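Analysis of the macromolecular model
Each chain, written out:
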Amino acid sequence: MGNNNEWHVASLVVHCRPEQLAAAQQTITALTGAEVPVTEARGKLVVLLEGPTQRSVVSLIDQIALLDGILSTTLIYHEFAELEAGEEQV
């Protein structure tokens, strides 16, 4: 299990079929801990992921990779922070 005092943040570039961009963005945004701040009409999305464990972030990446129309996912950034006692995850 993960350390309850960690918080993981990751970003991905996701390539999908352009005709499925809107559906992919909607589905990814509906995932807990996922956000799509940037999309590009030719099928690129920037996806931000947050979670309490590395496993939770990897699970989100796996879920995104299996969506209809997704061609590739590329992890660009991953960081985890140790939370201080009493500090909350944002």
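A short tour of the structure in this document, coming up. (Residues numbered from 1 in each chain as written. Predicted model: local features only at pLDDT ≥ 70, side-chain atom pairs only at ≥ 80, totals over all residues. Heavy atoms only, no water.)

Quick notes on the overall build of the protein chain
Test applied: Each helix is a run of DSSP H or I of at least 4 residues and each strand a run of E of at least 2, with the numbering of both proceeding from the N terminus. For each residue, the accessible area found with a 1.4 Å probe, counting protein chains only, is set against the maximum for its type, and the residue is called buried under 20%, exposed over 50%, and partly exposed in between. All accessible-area figures derive from a Shrake-Rupley calculation using a 1.4 Å probe, and residue coverage is judged against the displayed protein chains alone.
Looking only at helices and strands, one finds two helices and four strands in the protein chain. Per-residue burial for the protein chain yields a buried fraction of 30% across its 90 residues. Accessible surface, the protein chain as shown: approximately 5900 Å² in total, 52% of it carbon and sulfur.

Regarding the sheet that holds strand 2 (residues 34–40)
So the rule is basically this: One bridge is not enough; two strands pair if DSSP finds at least two bridges between them. Here the axes come from fitting lines to C-alpha atoms, over the contacting stretch only for helices, and the angles between their N-to-C directions go from 0 to 180 degrees. Contact criterion: two residues are considered in contact whenever any of their non-hydrogen atoms come within 4.5 Å of each other.
One open sheet holds the four strands; their spatial order is 2-3-1-4, and the pairing between them is antiparallel. Either end of the sheet is taken by a strand with one partner, and the two such strands are strand 2 and strand 4 (70–82). Within the sheet, the average angular offset between the axes of one strand and its neighbour, ignoring direction, is 15°. Strand direction decides the pairing type here: strand 2 and strand 3 (residues 44–51), joined by five bridges, are antiparallel. Counterpart to E35 in the pairing with strand 3 is L48. Strands in contact with helix 1 (residues 21–30) are strand 1 (6–16), strand 2, strand 3 and strand 4; relative to strand 2, the strand with the most contacts, it is inclined by about 160°.

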